[in-house]
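# Summary of structural features
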Amino acid sequence: MDILEIFKDYIFAVLMALFLAYITYQQLVTNRQKLKLDLYNKRFEVYTATLKFYQELIGDGVTSETHKDFIEKKEAAKFLFSEDASIYELLNELHEKSFKVKAFKGHRKELESSPEIFSKAAQESLEVVNWSVEAVKSLSSKLEKYLNM
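As the structure is a computational prediction, the values presented were derived from the model and not from experiment. (Residues numbered from 1 in each chain as written. Predicted model: local features only at pLDDT ≥ 70, side-chain atom pairs only at ≥ 80, totals over all residues. Heavy atoms only, no water.)

### Regarding the nonpolar core
Counting 21 residues, the largest nonpolar core has V46, F81, I87, L91, L139 and L143 as its most contacted members. Elements with a minimum of two residues in this core: helix 1 (2-58), helix 2 (64-80), helix 3 (85-106) and helix 5 (115-147). At 7 residues, helix 5 tops the list of elements feeding residues into this core. Apart from the residues within four sequence positions on either side, L139 is in contact with Y47, T50, I87, L90 and L91. (Core = buried A, V, L, I, M, F, W, Y, C linked by side-chain atoms within 4.5 Å. Buried < 20%, exposed > 50% of the residue type's maximum accessible area, 1.4 Å probe, protein only. Helix = DSSP H or I, 4+ residues; strand = E, 2+ residues; numbered from the N terminus. Contact = heavy atoms within 4.5 Å.)

Written out as structure tokens, the structure reads:
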């Protein structure tokens, strides 16, 4: 009888260990999926912040809130897309070039007094807007592999 009780205790312990191993494995799978989803959400935020920044840039002008949000997401992109540095570089270039558009829109009245300077600033602003259309298309294609689940 003692051997039978010891045998039952071992079987119970083995079954309990197997059950706990299964639960641990399920937690591992769940945590990996959550990590992938969190990473996806952060990457998607970079894309949506860029689109909002671009839309306001070519529209009435970028608000300071949108600009700050874009800068935060642009800097986060350095780490979120570390295996493709061209994404960060494209975002950084968009940010740098955007100042020409912002300056033109913000000082339009002052620039109108000098037609030559106004014309040059308008041309530079238009070039940035045209470039940014292509930049956003390029960004979309670069992010495609990260945002297609």
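Having seen the structure, we can now continue with the description.
### Some details on the confidence of the model for the protein chain
Looking at the protein chain, pLDDT values average 92 and 99% of them are 70 or higher. When the elements of the protein chain are averaged for pLDDT, helix 4 (residues 108-111) gives the smallest value, 84, and helix 2 the largest, 96. (pLDDT = per-residue confidence, 0-100.)

### A look at the side chain of S132
Structurally, the position occupied by S132 is in helix 5. If we ignore the near neighbours within four places in the chain, the residues touching S132 are Y54, I58 and L94.

### A short note on the pattern of salt bridges
For the structure shown, the criterion picks out 8 salt bridges. Between K34 and D38 there is a salt bridge, with the nearest N and O atoms lying 3.0 Å from each other. Placement of the pair is K34 and D38 together in helix 1, with a separation of 4 residues, close to one helical turn. Among the ionic pairs, R43 bridges to E83, the shortest N-O distance being 3.5 Å. With R43 in helix 1 and E83 in the loop between helix 2 and helix 3, the pair connects residues that are 40 residues apart, well separated along the chain. R43 gets classed as buried once you look at its relative accessible area, which sits at 11%. One network of salt bridges, with partners in common, ties together K74, E75 and K78. (Salt bridge = Lys/Arg side-chain N within 4 Å of Asp/Glu carboxyl O.)

### Observations concerning the packing of aromatic side chains
Going through the model one piece at a time under the given rule, you end up with 5 aromatic pairs. Measuring from centroid to centroid gives 4.2 Å for F53 and F70, while their planes differ by 5°, and the two rings are stacked. With F53 in helix 1 and F70 in helix 2, the pair connects residues that are 17 residues apart, well separated along the chain. As far as the burial class goes, F53 and F70 line up, both buried. Here F104 and F118 contribute two aromatic rings whose centre-to-centre distance is 5.4 Å and whose plane-to-plane angle is 50°, an arrangement assigned as tilted. In this pair, F104 is assigned in helix 3 and F118 in helix 5, connecting sequence segments 14 residues apart. Among the residues examined, F104 registers a relative accessible area of 8% and is labelled buried. Each member of the aromatic cluster is reached from another via a ring pair, and the members are Y40, F44 and Y47. (Phe/Tyr/Trp six-rings, centres within 6.5 Å; stacked < 30°, edge-to-face > 60°.)

### Focus: the packing of helix 3 against helix 5
Any two packed helices are characterised by how steeply their axes cross, that is the angle between the axes, and by the distance between the axes. For the pair helix 3 and helix 5, interaxial distance at closest approach is 9 Å and the crossing angle is 155°. In terms of orientation, helix 3 lies roughly antiparallel with respect to helix 5. As helix 3 packs across helix 5, the resulting crossing turns out to be left-handed. Along the lines of polarity and charge, the residues of the contact of helix 3 with helix 5 split into 16 nonpolar, 5 polar and 5 charged. (Axes fitted to C-alpha atoms, helices over the stretch in contact; angles between N-to-C directions. Parallel < 35°, antiparallel > 145°, perpendicular 65-115°, else oblique. Left-handed = near helix turned anticlockwise from the far one by under 90°. Nonpolar A, V, L, I, M, F, W, Y, C, P; charged D, E, K, R; others polar.)

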